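Read off the chains here:
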Amino acid sequence: NATGCSSIYGGNLPTTPWSKDIYGRGPAWNNSLFEDNAEFGLGMRLALDVKQNRAKRLLNDDREVIGAEFVDAILAAKVITQADVRAQRERITDLKVRLAGQEGLKWDDLRRLADTLVEPVVWIIGGDGWAYDIGYGGLDHVLAGRHNVNIMVLDTEVYSNTGGQSSKSTGLGAIAKFAAAGKDVPKKDLAKMAMAYGYVYVAKIAMGADENHTLKAIREAVEYDGPSLIIAYGPCIAHGLDMAQGPSQQEKAVKSGYWPLFRFDPRLEKPLQIDSKPPSIPIIEYLKHETRFKRLIDSAADPENHELIDAAQEYVNKQ
């Protein structure tokens, strides 16, 4: 989890959102530096891979002692769905029972590493300031590497944690620090850049607009054996709106075409699936509820401001 708003809220005991289930299982959370979050998360994935591969070698080396068919069942298991996970956990529980009477360093190693055989899921989480700007080089490196990691970008379209400065994710016409007259270039299309690889699962989600789509995309990302990138609409106080209206504002963003919902799944013959309907409201119906855009609208008599509003609508139409 990159340093920023998400790490502040995520690491703020006793109100942390990272919880455990009724079996005592939950995420192992860690906080990296802002600039190297993708590399930090990749390091966790590579370390888990090393442990998992050693566990598999130890299993194979002593397959006759443990039970050849049982070992084959563990090694051949496809741990993708929740049902797969439950079945593999039962096997690992059985494995630990079978190892109980064995003594020696290799058996101690196998007991210690056995849980890695239930495929660990690695999430790399951070904001747009990290993903689009300062940490983009690392993020691109991780996406290019084909490792099985999931990246979640909480996209507030501004450097939120440091006071609301413009980022490469800031939308056309938005007012922010370092873009006081409205940003005059469009938002960087991180999703399109990731899709260009052809083997990265990519989705753009907005939980306030469609919870089912959000859940579906997250599940598909976890099930995909390779890098995945989910870009999530992130309501922010820097947008200048009543935060209680966050869900309805997300809905307007989707309906106006400002934030299209889609999934790009390389496993499919036609990978790109557009999940939101064509725009049904003009973009100004979305923009006028946020201070970051409203100042432009209020002063639209100024030809430059009017041009930015028109350019924002034209950009949406082209998408």
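Predicted model, so just to flag it, every value in this text is computed and none were measured. (Residues numbered from 1 in each chain as written. Predicted model: local features only at pLDDT ≥ 70, side-chain atom pairs only at ≥ 80, totals over all residues. Heavy atoms only, no water.)

Undergrad: Explain the packing of helix H2 (residues 37–61) against helix H6 (residues 105–113) to me, and be specific about the residues and the numbers.
TA: The contact between H2 and H6 brings their axes to 9 Å, and the two run at 130°. Relative to H6, the element H2 lies oblique. In the crossing of H2 with H6, the sense of the turn from one axis to the other is left-handed. Between H2, through Lys-51, Arg-54, Ala-55, Leu-58 and Leu-59, and H6, the contact on the second element is made entirely by Lys-106, Asp-109, Leu-110 and Leu-113. Each residue belonging to the contact of H2 with H6 can be placed in one class, and the counts come to five nonpolar, no polar and four charged. (Axes fitted to C-alpha atoms, helices over the stretch in contact; angles between N-to-C directions. Helix = DSSP H or I, 4+ residues; strand = E, 2+ residues; numbered from the N terminus. Parallel < 35°, antiparallel > 145°, perpendicular 65-115°, else oblique. Left-handed = near helix turned anticlockwise from the far one by under 90°. Contact = heavy atoms within 4.5 Å. Nonpolar A, V, L, I, M, F, W, Y, C, P; charged D, E, K, R; others polar.)

Undergrad: I'd like a rundown of the side chain of Glu-290, residues and numbers included.
TA: Note that Glu-290 resides in the loop between helix H12 (284–287) and helix H13 (291–298). Reaching out from Glu-290, the side chain makes a polar contact with the side chain of Gln-249 at a distance of 3.0 Å. In this structure, Glu-290 is in contact with Tyr-233, His-239, Gly-240, Leu-241 and Gln-249, ignoring residues within four places of it in sequence. (Polar contact = N/O pair within 3.5 Å; in protein donor to acceptor, adjacent residues only side chain to side chain.)

Undergrad: So what's going on with the environment of Asp-189? Which residues, and what values?
TA: Tracing the sequence through the fold places Asp-189 in the loop between strand S2 (150–155) and helix H9 (190–195). Here the side chain of Asp-189 touches Lys-192 through a polar contact of 3.1 Å, landing on its backbone nitrogen.

Undergrad: Tell me about the pattern of salt bridges, and please be specific about residues and values.
TA: This structure, assessed with the given rule, holds 20 salt bridges. Between Arg-98 and Asp-94 there is a salt bridge, with the nearest N and O atoms lying 3.5 Å from each other. Of this pair, Arg-98 and Asp-94 both sit in helix H5 (residues 82–99), four residues apart, roughly one helical turn. Accessibility expressed as a relative area gives 30% for Asp-94, which makes it partly exposed. Bridged by salt links that share partners, the residues Asp-155, Glu-157, Lys-187, Glu-290 and Arg-292 form one connected network. (Salt bridge = Lys/Arg side-chain N within 4 Å of Asp/Glu carboxyl O. Buried < 20%, exposed > 50% of the residue type's maximum accessible area, 1.4 Å probe, protein only.)

Undergrad: How would you summarise the packing of aromatic side chains if you had to cite specific residues and measurements?
TA: Within this structure, the stated rule accounts for seven aromatic pairs. Relative to Tyr-224, the ring of Tyr-201 lies with its centre 6.3 Å away and its plane at 40°, an arrangement referred to as tilted. Placement of Tyr-201 in strand S3 (residues 201–205) and of Tyr-224 in the loop between helix H10 (211–223) and strand S4 (228–233) is noted, with a sequence separation of 23 residues between them. Residue Tyr-224 is classed as buried on the basis of its relative accessible area, which comes to 9%. Consider the rings of Tyr-258 and Phe-293, whose centres lie 6.2 Å apart with planes at 80°: the pair is edge-to-face. With a gap of 35 residues between them, Tyr-258 in the loop between helix H11 (246–255) and strand S5 (262–264) and Phe-293 in helix H13 connect regions that are remote in the sequence. Assessed through its relative accessible area of 2%, Phe-293 is described here as buried. Lying over the aromatic face of Tyr-199, Arg-146 brings its terminal NZ or CZ to 3.9 Å of the ring centre. The ring of Trp-259 has Lys-204 lying over it, and the distance from NZ or CZ to the ring centre is 4.4 Å. (Phe/Tyr/Trp six-rings, centres within 6.5 Å; stacked < 30°, edge-to-face > 60°. Lys NZ or Arg CZ within 6 Å of the ring centre and 35° of its normal.)

Undergrad: For the nonpolar core, give the residues involved together with the corresponding values.
TA: Trp-130, Leu-139, Ile-151, Leu-190, Leu-229 and Trp-259 are the most contacted members of the largest nonpolar core, which has 52 residues in total. Setting aside residues no more than four positions away along its own chain, Leu-229 makes contact with Leu-143, Ile-151, Val-153, Leu-190, Ala-194, Val-200, Tyr-201, Val-202 and Ala-203. Ranked by size, the runner-up nonpolar core spans 18 residues in total, among them Leu-59, Val-71, Val-85 and Val-118. (Core = buried A, V, L, I, M, F, W, Y, C linked by side-chain atoms within 4.5 Å.)

Undergrad: Quick one: what's the story with H6, residue by residue and with numbers?
TA: All buried positions along H6 are accounted for by Trp-107, Asp-109, Leu-110 and Leu-113. The buried residues of H6 occupy an angular sector of 155° when projected down its axis, which confines them to one face. Exposed and facing more than 90 degrees away from the buried side of H6 are Leu-105 and Arg-112. Looking at the packing, one finds that the buried side of H6 touches H2, helix H3 (63–66) and H5. (Arc of directions from axis to C-beta.)

Undergrad: Tell me what's going on with the sheet that holds S4, and back it up with residues and numbers.
TA: Within the open sheet, the six strands sit side by side as S1-S2-S4-S3-S5-S6. Their pairing is mixed. The two strands at the open ends of the sheet, each matched to only one other strand, are strand S1 (123–127) and strand S6 (272–274). Each strand axis lies, on average, 10° off the axis of its neighbour in the sheet, ignoring direction. By the bridge criterion, five bridges tie S3 to S4 in an arrangement that is parallel. Within S4, the residue paired with Ile-205 across the bridge is Ala-232. On the sheet, helix H8 (residues 136–144) packs against S1, S2 and S4 and is oriented at approximately 145° with respect to S2. Here H10 sits on the sheet in contact with S1, S2, S3, S4 and S5, set at roughly 160° to S3. (Pairing = 2+ DSSP bridges.)

Undergrad: Got a sec to walk through the pairing of S4? Specific residues and values, please.
TA: Burial runs high along S4: six of the six residues are buried. The side-chain alternation of S4 yields two buried faces, one formed by Ser-228, Ile-230 and Ala-232 and the other by Leu-229, Ile-231 and Tyr-233. By the bridge criterion, six bridges tie S2 to S4 in an arrangement that is parallel. Directly across from Val-153, in S4, lies its bridge partner Ile-231. Assessed by its sense of winding, the connection that carries the chain from S3 through H10 to S4 is right-handed. (Right-handed = clockwise from strand over helix to strand, strands pointing away.)

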